[in-house]
Amino acid sequence: MRPHILASAQAQFPPSANRTVRVDNAWRPTGEATRPETNGMDGWTRVGEPATYDVIRRLRDQGFTWVNLHTGGTANPFRDVPISRLI
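What counts as what
- Residues numbered from 1 in each chain as written.
- Predicted model: local features only at pLDDT ≥ 70, side-chain atom pairs only at ≥ 80, totals over all residues.
- Heavy atoms only, no water.
- Helix = DSSP H or I, 4+ residues; strand = E, 2+ residues; numbered from the N terminus.
- Rg over C-alpha atoms; globule rule 2.2 N^0.38 Å.
- Buried < 20%, exposed > 50% of the residue type's maximum accessible area, 1.4 Å probe, protein only.
- Contact = heavy atoms within 4.5 Å.
- Areas by Shrake-Rupley, 256 points an atom, 1.4 Å probe, with all protein chains shown as cover.
- Lys, Arg positive; Asp, Glu negative; His and termini not counted.
- Charge placed at Lys NZ, Arg CZ, Asp CG, Glu CD.

Visitor: Even after reading the chapter, I still don't get the overall build of the protein chain, so can you show me in this structure?
Guide: For the protein chain, the count of helices and strands is 3 helices and 4 strands. Across the protein chain, helices and strands are ordered from the amino to the carboxyl terminus as α-β-β-α-β-β-α. Whereas a compact globule of 87 residues would reach a radius of gyration of roughly 12 Å, the protein chain reaches 12 Å, a difference of no more than 12%. The C-alpha extent of the protein chain, read off along each of the three principal axes, is 40 × 25 × 20 Å. Counting over 87 residues, the protein chain shows a buried share of 36%. Long-range pairs, those at least 24 residues apart, make up 61% of the contacts in the protein chain with a sequence separation of at least 6. On the protein chain, roughly 5,400 Å² of surface is accessible, and the fraction owed to carbon and sulfur atoms is 49%. Computing the positive centroid from 11 side-chain charges and the negative centroid from 8, the protein chain places the two 9 Å apart.

None of this, on its own, says anything about what the molecule does.
In structure tokens form, the structure reads like this:
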């Protein structure tokens, strides 16, 4: 059975991109930071799961505030997105 990917996660990419979107990593605030640094490594945790409502909600409930989404079929396959924009 195929996971039900959030439409809001799919909307982060062009319509021509693959419909399967994965959460590669999730970010939680550390110290004074309220958003991840561009290309930064601090605060990121590996996830590697489909961008479903249950996965995103669980990450939010664990204190994560941003996710790094990944899909194929596009020139820019990665997006850092606030969880609040997805659910």
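Let us keep going from here.
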